[in-house]
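For reference, the chains in residue letters:
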Amino acid sequence: MHSLIAGQQNPTLATYAKQNEVTLRITASGSEKAAVARLLDETEQQVLHLAGQYFYGYGDDNSLEQVVVQLLQQRHLTITAAESLTSGLFQSTLANVAGASQIFSGGFVTYAATTKEQLVNVPAATIATHGVVSKETAVAMATGAQRQLQTDLAISFTGVAGPDELEGHPAGFFWLGLALPDGRVLTRSVQFSSSRNSVRDYAVKSGLKLIYDYFQG
């Protein structure tokens, strides 16, 4: 992307930084409409090639959560969440999207180990053996939430917001679990060093991206 920005003339490529996200704007000028459209199309293809898996949609008012809600709506799938690290931020982010109630009826904030056991039936032995911040706990949280609310999908978040480490894991480390309709659970671990709130925001965006990637096959 740097090569496109550094060498730009016409079209121009502008970047707009958001929290843990970037918007790109392509602007072309010229006297012939067809020529301008061609310039825009060529640059767009270069951007898509470089952005690859990180690109999710178009529009000034678009967001990853909007795209995910639309994908769930189009496929008539429901989702819930079990959140430890993010303390409900994923659910509130999803619920801010108009029409989210069609695919999301509620979820769980399971901040303490005992709450994970009580609300989404994470086995105490799983936590005792593997720890709260583990792939195994993320899987158990996701599948437990899925069973509790009988949804098609369920996502879990467990990790270390900081500033201190937990169970030997540094601040900013977290696990995601995504329980699927066919019984599989996708997992992803992430290390992101920043403030507590930025880590939580990045975790939510990572969760949304995990769902998005699932739909992309």
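Everything that follows concerns the structure shown earlier in this document.
Counting of residues starts from 1 at the beginning of each chain's written sequence and follows it residue by residue. Predicted model: local features are reported for residues with pLDDT of at least 70 only, side-chain atom pairs are reported and counted for 80 or more only, and whole-chain, interface and lining totals are derived from all residues. Excluding hydrogens and water, the side-chain values take into account all heavy atoms of the structure.

Visitor: Whenever I open this one, the pattern of salt bridges confuses me. Can you help?
Guide: Pairing between side chains of opposite charge can happen when the charged atoms of each approach one another. Salt bridges are counted wherever a side-chain nitrogen of Lys or Arg sits within 4 Å of a carboxyl oxygen of Asp or Glu. On inspection of all chains with the given rule, the structure shows four salt bridges. Asp201 is the salt-bridge partner of Lys205, the closest N and O atoms lying 3.0 Å from each other. Of this pair, Lys205 and Asp201 are both found in helix H8 (residues 196-215), four residues apart, which corresponds to roughly one turn of the helix. An identical accessibility class is assigned to Lys205 and Asp201; each is buried. Ionic pairing is found between Asp213 and Lys209, a salt bridge with its closest N-O pair at 2.7 Å. Of this pair, Asp213 and Lys209 both sit in helix H8, separated by four residues, roughly a single helical turn. Under the DSSP-based scheme used, a helix requires at least four consecutive residues in state H or I and a strand at least two consecutive residues in state E, with every element numbered from the N terminus. Three labels apply to residues, based on accessible area from a 1.4 Å probe with only protein chains included: buried if under 20% of the type maximum, exposed if over 50%, partly exposed otherwise in between.

Visitor: Could you clarify how one ought to interpret the layout of surface pockets in this entry?
Guide: Unoccupied space between atoms shows up once a probe the size of one water molecule is rolled over them. Points on a 1 Å grid over protein atoms alone make up a cavity when a 1.4 Å probe fits among them but cannot get out, and a pocket when they form an open set with protein on both sides within 12 Å along at least five of seven lines; lining residues each have an atom within 4 Å of a point. Grid points are joined across faces, edges and corners, and a volume is the space filled by probe spheres set on the points. The calculated volume of the largest pocket comes to roughly 1,100 Å³. In terms of lining, the largest pocket is formed by 34 residues, of which the most central are Glu21, Val22, Tyr54, Phe55 and Tyr56. For the lining of the largest pocket, the element with the most residues is helix H2 (residues 33-51), which contributes seven residues. By the convention adopted, Pro, Cys, Tyr, Trp, Phe, Met, Ile, Leu, Val and Ala count as nonpolar, Lys, Arg, Asp and Glu as charged, and the other residues, Gly among them, as polar. When its residues are assigned to classes, the lining of the largest pocket shows 17 nonpolar, seven polar and ten charged. Size it by volume and the second largest pocket reaches roughly 180 Å³. As for the second largest pocket, its lining consists of 15 residues, and the residues nearest its centre are Tyr111, Gly159, Val160, Ala161 and Leu166. The set of elements that each furnish at least two residues to the lining of the second largest pocket consists of strand E5 (153-159) and H8. The class makeup of the residues in the lining of the second largest pocket is six nonpolar, four polar and five charged.

Visitor: Any chance you could explain the nonpolar core here in plain terms?
Guide: Soluble globular proteins tend to pack their nonpolar side chains together in the buried interior. For this analysis, a nonpolar core means a set of buried residues of the types Ala, Val, Leu, Ile, Met, Phe, Trp, Tyr and Cys, connected via side-chain atoms within 4.5 Å. Within the largest apolar cluster, 35 residues are counted, with the highest numbers of intra-cluster contacts made by Leu72, Ile79, Phe90, Leu94 and Ile211. Of all the secondary-structure elements, those providing two or more residues to this core are helix H3 (64-75), strand E3 (79-83), helix H4 (89-95), E5, strand E6 (173-179) and H8. No other element matches H8, which puts eight residues into this core. Between two residues, a contact is recorded if the distance between any of their heavy atoms is within 4.5 Å. Leave out the neighbours within four places in its chain, and Phe90 touches Ile79, Ala81, Glu83, Ile155, Phe157, Val204, Leu208 and Ile211. Phe108, Val120, Val132 and Ala140 belong to the second largest nonpolar core, which has twelve residues in total.

Visitor: Is there a simple way to think about the pairing of E3 in this case?
Guide: Look at any regular strand and the pattern is simple: side chains alternate between the two faces of the sheet. Burial analysis of E3 places five of its five residues in the buried class, the great majority of the element. By the alternation rule, side chains of E3 split into Ile79, Ala81 and Glu83 and Thr80 and Ala82, which are all buried. As judged from the two bridges shared by E3 and strand E4 (residues 108-109), these two strands associate in the parallel manner. Of the residues in E4, the one forming a bridge with Glu83 is Val109. Assignment of crossover handedness uses the view with strands pointing away from the viewer, where a clockwise path from the first strand over the helix to the second indicates a right-handed crossover. Each parallel crossover has a hand, and the one from E3 via H4 to E4 is right-handed. Whether two strands pair comes down to DSSP finding at least two bridges between them.

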